[in-house]
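Report on the structure
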Amino acid sequence: MTADVALNVARPEPERADLLVWVKNTLRPEYGERPLSPRRDPMHELVSTILSQRTTHADEEAAYHELRGLGDWDAIIAAPVETVAHAIRRSNYPESKAPRIQQALVALRDSPGGYDLDFLRELPVKDALKFLTDLPGVGIKTASLVLLFNYARPVFPVDTHVHRVTTRVGAIPKMGEQAAHRALLKLLPPDPPFLYELHVNLLRHGQRVCSWTAPKCGVCVLRERCDAYAVYDGRVPSWKA
Ligand code: SF4
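Residues numbered from 1 in each chain as written. Predicted model: local features only at pLDDT ≥ 70, side-chain atom pairs only at ≥ 80, totals over all residues. Heavy atoms only, no water.

This brings us to unusual backbone geometry. Residue Y93 is not a glycine yet carries a positive backbone phi of 55 degrees. In this structure, D233 takes a positive phi of about 50 degrees despite not being glycine. Its location among the elements puts D233 in the segment after helix 12 (227-231). With relative accessibility at 47%, the residue D233 sits in the partly exposed group. (Helix = DSSP H or I, 4+ residues; strand = E, 2+ residues; numbered from the N terminus. Buried < 20%, exposed > 50% of the residue type's maximum accessible area, 1.4 Å probe, protein only.)

The next thing to look at is the domain arrangement of the protein. On domain assignment, one finds that the protein holds domain 1 (8-35 + 156-231) and domain 2 (42-151). Each of domain 1 and domain 2 has a C-alpha centre, and these two points are 27 Å apart. Listed by partner, the interface residues are 10 residues for domain 1 and 6 residues for domain 2. Of the roughly 680 Å² buried where domain 1 meets domain 2, counting both sides, 83% is carbon and sulfur surface. The three residues of domain 1 that bury the most area against domain 2 are P157, H181 and Y196, which together make up 56% of that side's buried surface. Our count for the contact surface shared by domain 1 and domain 2 stands at 0 salt bridges. Along the contact surface separating domain 1 from domain 2 lie 0 residue pairs in polar contact (both at pLDDT 80 or more). Those elements giving two or more residues to the side of domain 1 that touches domain 2 turn out to be helix 10 (177-187) and helix 11 (192-208). With 4 residues, helix 11 is the largest single contributor of residues to the side of domain 1 that touches domain 2. Across the side of domain 1 that touches domain 2, the residue classes break down as 6 nonpolar, 3 polar and 1 charged. (Domains from an automatic or database assignment. Contact = heavy atoms within 4.5 Å. Buried area = accessible area lost by both parts, 1.4 Å probe. Salt bridge = Lys/Arg side-chain N within 4 Å of Asp/Glu carboxyl O. Polar contact = N/O pair within 3.5 Å; in protein donor to acceptor, adjacent residues only side chain to side chain. Nonpolar A, V, L, I, M, F, W, Y, C, P; charged D, E, K, R; others polar.)

In the UniProt entry, the feature "domain: HhH-GPD" (unreviewed entry) is given for residues 51-208. Spanning residues 51-208, this segment combines 65% helix with 0% strand, and its end C-alpha atoms are found 23 Å apart. (UniProt positions renumbered as here; feature names shortened; annotations may be inferred.)

For A230, the location among the structural elements is in helix 12. Each C-alpha atom, one on A230 and one on V169, is 9.5 Å from the other, the two residues being 61 residues apart in sequence.

Tracing the chain through its elements places T142 in helix 8 (residues 140-151). Those residues in contact with T142, other than ones at most four positions away along the chain, are L46, T49, I50 and Q53.

To continue, consider the site of the ligand. Around the ligand sit R168, V169, C210, P215, C217, C220, R223, C226, Y229 and V236, and those are all the residues in its vicinity. Of the residues that constitute the shell around the ligand, the class distribution is 8 nonpolar, no polar and 2 charged. (Near = heavy atom within 4 Å.)

Here we come to the nonpolar core. One finds V23, L46, L132, F156 and L184 to be the most contacted residues of the largest nonpolar core, which totals 68 residues. With residues up to four places along the chain from it excluded, the contact list for F156 reads S144, V162, H181, L184, L185, L188, L195, L198, H199 and L202. (Core = buried A, V, L, I, M, F, W, Y, C linked by side-chain atoms within 4.5 Å.)

What follows concerns helix 10. If you check which residues of helix 10 are buried, you get A180, H181, A183, L184 and L187. Close packing links the buried residues of helix 10 with helix 1 (13-31), helix 8 and helix 9 (160-169).

Below, the structure written as structure tokens:
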């Protein structure tokens, strides 16, 4: 890297916002256009995302399937916590997720809308995020996924892949995932289809190219504008969260 190359991360916000538009447009030919449509119902999205924490997609699905085998949401609340933990054992940390899922279900059951989350479609985004993140076990990522995927609200879920790629490229400085939600949203247009496609394609890129260890910079379409590629001359080290 030559000393006079300015890093993206040192640039003002409007330029980093443009960088994210470029990232989205550059990833589209690689992974395709991603029309915004719900992949599963809102309660499924909510509970599955709690199960997905530090868990593979296959194990998350298996855990959700077995959990629903216990019955409807009321039956899951009524089941002994050990039974719920056993049902979700394919998910990591079932002993802590089981009581949190039951507590979240109780809070929803006792809320005015019950298990029907459709009121989130109309609620101001700030209030919708607060409602969801007030539920036990529900963080900003889970809340953002439900609001964007199911209700096309203008929020941006930041998972580990989105966090890693956007940080390496230099759209945001190094910070935790929680803070990255706020920092990235500030740079992004309030346009749900844009946000959805960027989220999904960054996730794919993080899984296939910009991996935790040994990112495949040599075949990466983002390398010409990537801070990490410039700083490390293409030999980008493993990610340390
Ligand atoms: S150039 Fe390397 S570090 Fe940068 S986004 Fe691509 S794979 Fe990741």
